[in-house]
Every structure is written in C-alpha cells, then in structure tokens.
Amino acid sequence: MTAAEPTTESEIEEEESAVETARRQLERAAAHLDVDEGIVERLRHPTSVYRVTIPLERDDGTREMFTGYRAHHDSVRGPYKGGLRYHPAVNEEECVGLSMWMTWKCAVMDLPFGGAKGGVVVDPKELSSDEKERLTRRFAEELRPVIGPKTDIPAPDMGTDPKTMAWFMDAYSMQEGETEPGVVTGKPPVIGGSYGREKAPGRSVGIITEQAIDYYDWDVTDTTVAVQGFGSVGANAARYLDDLGASIVAVSDIDGAIYDPDGFDTNDVEDHDETPGMVSGYADAQSLSNEELLELDVDVLIPAAIGNVLTGENARRVQADMIVEGANGPTTSTAGQIFEERDIPVIPDILANAGGVTVSYFEWLQDINRRSWRLERVHEELQTEMLRAWGCVRDEYDARDITWRDAAYIVALERIAEAHDARGLWP
Ligand code: NAD
C-alpha cells in the first residue's frame, strides 16, 4: 500500500444531510439510465410527512409534549417500510432522507415495499420504562391513520427495540379490535417476530463480504478484517466471517479499539450489549483508537458503528483494500470520491446491511400467514435473497464503468422507475 498522501483543504467537507445524500445518489443513478425526468423529480420528494405531538404523563405526574414524525417516500412497489427512532436529533429532514434510503434498499433487495422513516425527538435514556411505554402507545395512536399492515409497517431503529415494537403492536391492535402482528416488524418471536431478525443485518454484511472476497479472487482464509463497532451488526458480521476462516484482526466499541495481527476468536470477545466496555477493555490485545482502526492495513474494513466516519479528512490514509459498509452512511460523498480515485471498492450499505429489512419482510409474511418459520429456513431464504441481490448489482458493476454504490442504486432505480412507468400517474 502507498503511504498516506496529504489531505487538501477542499477535502475537508461539511457533513451532508441524509436528504442531500439521498438526492445526490438518485441523480447519479439517473444519469446512467433512460428514466423519465418526471419520475426522477417525483423521487426527489417524499409523498408525505406526518408531524404529530405526543403528550406524555411523566412518572411524577407532570405532562410533557414530544414531537414525532413519519415520512413516506414512495410506495409504488408496495407498503411503506422503515424504522422508528427515539433520539434527540430526530427531525423532519432526516426522516425524509432516511425514508428515501429505505426506498432504494427495499428496491435493491426486490422486496415489495417502499421507503419510510420516523421517530420521536426524545432521549430515550431519560425515560423510565413506563414512560417509554406510554410514549410509544400514544405515538402508535397518533400514527394510526397512516400506518397498517397493508400501508406502512414500522420497525425498530436507534433507541427502539423489540419491546418497543411489542407495545406499538399492542396499542394498534387494541384500537383495531383484532391482533395485527403485521403492523410492525422486529417484534419478539412470541408475538409474531421472526427468528433470526436481530442477527440478520450483520449476517448479510458477512454474506456480501464473502461474495466480494470471492469476486476479487481472494482466499477468505488469507483475508484480514477490521470491524469498527462490535455491536449487533459488527459482531454478527465478524463472527460470520470468522466462521469462514477470515482473520478478524481489529474490533472496536465506542470507547476504543483492540488489535491482534494474529486475529481474535470473535466468540471470546463479547459485544457492547453483552458486556459494555468488554471490547476496549479486552486484555490480550494492543489498544488502538477508533480512528487508528479505520486506517489499519487490512484487506477488508467494515465500518459498522455510526455514519460519516470515513470522510475527506481520513480517506487518503485508509489502507484497506476493500470497504464493506455495515453501518448506514459511514462514507461521506467526498470520501467516496477519494476511494473511487484510489480504486478501493466500497460495497454500499443499501446492499450489505439489507438483511435486516429482508428478514423484516419474512416476518411480515409469517404474520400475514400466521405461521412462523424455523431459524434454518430464515437463514436459507436470507442467503438466497442476498445472493440474488448481489448477482444483480455485480452484473451492473461488470457492465458499466461505475462504483459498487452506483451499481446498487442503478438496480434500485431501474425497478422503481419501471414500476412507476407500468402503473402510470393517477389521475
Ligand atoms: P449497536 O448499538 O448494537 O452497536 C453499535 C456499536 O458501535 C457498539 O459497539 C458501540 O459501542 C459502537 N459505537 C457507537 N458509537 C460509536 C462511535 N462514535 N465510534 C465508534 N464506535 C461507536 O448498533 P447496531 O444495531 O449494530 O447498528 C450499527 C449501525 O448499523 C448503525 O449505523 C445502524 O443504523 C446500522 N444498521 C443497523 C441495523 C439493525 O437492524 N441493527 C440494520 C441496518 C443498519
């Protein structure tokens, strides 16, 4: 690998908003396709955005108002689908941008869904469990006119979990007068959740990394991997690749990273949820910072913690030969351009971590049919869907001189545009 080149000032960029990123990616894909400009213009905007206020009675008897959103982007291929996050930084623009990403993600996986995203502007750590339950039930009630198993199916996201989805589903069902498990996904299996849902995004990152390693004719047992964020996505991806024989040489959590050039036994290191602080506190390894982990000379780098960690500032110092995005949006557009110039393939989030929404789709099918699938079936069908999506993206990549990200967006946009074309515009 060549030594790091100096960073130019023009590479120090402003953080791009989710909606700006989503629009820019739409335009890049549209430039490669003969798509009606009217359809592209439609896709630049959400269909609708709902803003609700949620009164919450706190445990001390006082009342507080919270703001919630649900953005619907496009439903030409089926009901809206996307997460609900509880976070102080939730805002309308972010929900719109993330709903657009969900449209592309569902389309690249060929799932019969469109994109949605929503959330409440709240710090969930400041709520007791009872307060979180009351907030969730009232939020479900406020959103009831615009959600439903055939119209919009929320899922867990930052700050929400299977328990939140259970309350949400119960609140919705109580008012409908019948149990409607299909109104949300990511529920506990005992009330219609799917086995394998929680591990699915990390598993899909592992499956796609395995395909990419094979595409470049590398030997998985000679491949070194660094994973930023040893949480749900990162730990499951690392363990999948470890089982294949790859050498996981570095992992991190929010407090720092650990490095062992001989590779870790990933089952020996517990993830952040299993034991907070275990990763950065792991005794038999060299400590690094998260920034150093991103710049290690490894074959595969998997950023699986948060967004915007690969930027114009550090992209020239990255020494990995391939990047597979486990987190949503870890690569800024400036970093993306630098990796393109440097011929470092970046396998995009909308393909790599799409196992989550894919198993959500399986959950929805199980709920509609009132029949649960065995874990082995979930794994088999996830593998099939991931390989199918990989094949479509790889064919576009091979056919055109483009990045993996553009290839994935082209696959998605082609499907969405064809569906718009076939359905036409009403009235
Ligand atoms: P998680 O909370 O289980 O794990 C996140 C990990 O990243 C933890 O180890 C945490 O300590 C670490 N981390 C947090 N902030 C960090 C920081 N500033 N620097 C370095 N490390 C940090 O979360 P997750 O569910 O694994 O999600 C990770 C990413 O994957 C997010 O971008 C999320 O949007 C995306 N994603 C998650 C799912 C899912 O269903 N879990 C699906 C698709 C995409």
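Keep in mind that this is a model prediction, so the values were computed, not measured.

The rules we used
- Residues numbered from 1 in each chain as written.
- Predicted model: local features only at pLDDT ≥ 70, side-chain atom pairs only at ≥ 80, totals over all residues.
- Heavy atoms only, no water.
- Helix = DSSP H or I, 4+ residues; strand = E, 2+ residues; numbered from the N terminus.
- Rg over C-alpha atoms; globule rule 2.2 N^0.38 Å.
- Buried < 20%, exposed > 50% of the residue type's maximum accessible area, 1.4 Å probe, protein only.
- Contact = heavy atoms within 4.5 Å.
- Areas by Shrake-Rupley, 256 points an atom, 1.4 Å probe, with all protein chains shown as cover.
- Pairing = 2+ DSSP bridges.
- Axes fitted to C-alpha atoms, helices over the stretch in contact; angles between N-to-C directions.
- 1 Å grid on protein atoms, 1.4 Å probe; cavity = no way out; pocket = protein on both sides within 12 Å on 5 of 7 lines; lining within 4 Å.
- Points joined across faces, edges and corners; volume = space filled by probe spheres on them.
- Nonpolar A, V, L, I, M, F, W, Y, C, P; charged D, E, K, R; others polar.
- Near = heavy atom within 4 Å.
- Polar contact = N/O pair within 3.5 Å; in protein donor to acceptor, adjacent residues only side chain to side chain.
- Domains from an automatic or database assignment.
- UniProt positions renumbered as here; feature names shortened; annotations may be inferred.

Here we look at the overall build of the protein
- Helix and strand counts for the protein stand at 13 helices and 12 strands.
- Relative to the globule expectation of 22 Å for 427 residues, the C-alpha radius of gyration of the protein, 21 Å, shows essentially globular dimensions.
- Dimensions of the protein, computed from the C-alpha atoms along their principal axes, are close to 60 × 55 × 45 Å.
- Burial status across the protein gives 56% buried among its 427 residues.
- Counting contacts in the protein only where the partners sit at least 6 residues apart, residues at least 24 apart contribute 69% of the total.
- Accessible surface computed for the protein: about 18,400 Å², of which carbon and sulfur atoms make up 46%.

So, the sheet that holds strand β4 (residues 114-121)
- Strands sit in the order β1-β2-β4-β3-β5 across an open sheet of five strands; the sheet is mixed. Each of the sheet's edge strands pairs with one partner strand only, and the pair in question is β1 (48-57) and β5 (152-156). Taking each pair of neighbouring strands and ignoring which way they run, the sheet shows an average axis angle of 25°.
- Here strand β3 (residues 80-87) pairs with β4 via six bridges, running parallel. In the strand pairing of β4, Arg85 is matched with Gly119.
- Running over the sheet, helix α4 (residues 129-143) touches β1, β2 (63-74), β3 and β4 and is turned about 140° from β1.

So, the sheet that holds strand β12 (residues 346-347)
- Sheet architecture is open: seven strands sit in the order β9-β8-β7-β6-β10-β11-β12, paired in mixed fashion. The sheet terminates laterally at β9 (286-288) and β12, the two strands that pair on one side only.
- Relative to β12, strand β11 (residues 322-324) runs parallel, the two being bridged by two bridges. Counted as the bridge partner of Ile323 is Val346 from β12.

Overview of the layout of surface pockets
- Estimated volume of the second largest pocket: approximately 330 Å³.
- Surrounding the second largest pocket, 14 residues form its lining, Arg42, Val76, His420, Gly424 and Leu425 being those nearest its centre.
- Where the lining of the second largest pocket is concerned, the elements lending two or more residues are α2 (37-43) and α13 (404-423).
- Each residue belonging to the lining of the second largest pocket can be placed in one class, and the counts come to five nonpolar, five polar and four charged.

Quick notes on the site of the ligand
- In the vicinity of the ligand there are 19 residues, among which Gly231, Ser232, Val233, Ile254 and Asn328 approach most closely.
- Between an oxygen atom of the ligand and a main-chain N or O atom of Val233, the distance comes to 2.8 Å.
- At a separation of 3.2 Å, an oxygen atom of the ligand approaches a polar side-chain atom of Asn328.
- For the ligand, the accessible surface in isolation is 830 Å², of which the surrounding protein chains cover 74%.

Looking at the domain arrangement of the protein
- Once the domains are mapped, the protein shows domain 1 (47-178) and domain 2 (199-347).
- For domain 1 versus domain 2, the distance between C-alpha centres works out to 30 Å.

Some details on the UniProt feature "active site" (unreviewed entry) in the protein
- Feature annotation in UniProt assigns "active site" (unreviewed entry) to the following positions: Lys117.
- Positionally, Lys117 belongs in strand β4.
- Each residue touching Lys117, except ones within four places of it in the same chain, is listed here: Tyr69, Arg70, Ala71, Gly83, Arg85, Cys95, Leu98, Ser99 and Asp157.

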